[in-house]
Amino acid sequence: MEHSPHVMMVGQGAELFAAEQKIELVDPSYFRTEKRWEQLQRALKEEAAGQAHADLETAKHFGTVGAVALDSQGKLAAGTSTGGM
């Protein structure tokens, strides 16, 4: 936030910015865990079969959350969080 006016970056622009800032880039597989992969596969099978999700961690209502706040001085902040599915 000290080196860009943007509150969120994605894709090639985010990667270029990270490289300029000397931030180490890692392969997306770095973030993969076997547990989460298995949960995703189970949820996809259940969804295809029209079944309710037995595992709460794979339930559809868990997902991306966004928030925006404006403080009393007029400063804006935004953030996102995702469950990874």
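Structure's up top.
Residues numbered from 1 in each chain as written. Predicted model: local features only at pLDDT ≥ 70, side-chain atom pairs only at ≥ 80, totals over all residues. Heavy atoms only, no water.

## Side note on the pattern of salt bridges
Evaluated as defined, the whole model comprises 1 salt bridge. Across the pair arginine 32 and glutamate 34 runs a salt bridge, and its minimum N-O distance is 3.4 Å. Residue class for arginine 32 comes out partly exposed when judged on its relative accessible area of 43%. Judged by relative accessible area, glutamate 34 falls into the partly exposed class, the value being 42%. (Salt bridge = Lys/Arg side-chain N within 4 Å of Asp/Glu carboxyl O. Buried < 20%, exposed > 50% of the residue type's maximum accessible area, 1.4 Å probe, protein only.)

## Topic: the pairing of strand β2 (residues 76-81)
In this structure, strand β1 (residues 65-70) lies alongside β2, joined through 6 bridges in antiparallel fashion. Residue glycine 66 lies in a different strand from β2, and its bridge partner there is threonine 80. Taking the residues that link successive antiparallel strands as the turn, the β1-β2 hairpin has 5 residues, and the phi of glycine 74 there is positive, at about 85°. (Pairing = 2+ DSSP bridges. Helix = DSSP H or I, 4+ residues; strand = E, 2+ residues; numbered from the N terminus.)

Honestly, that's just the spatial picture; any functional story needs more than this.
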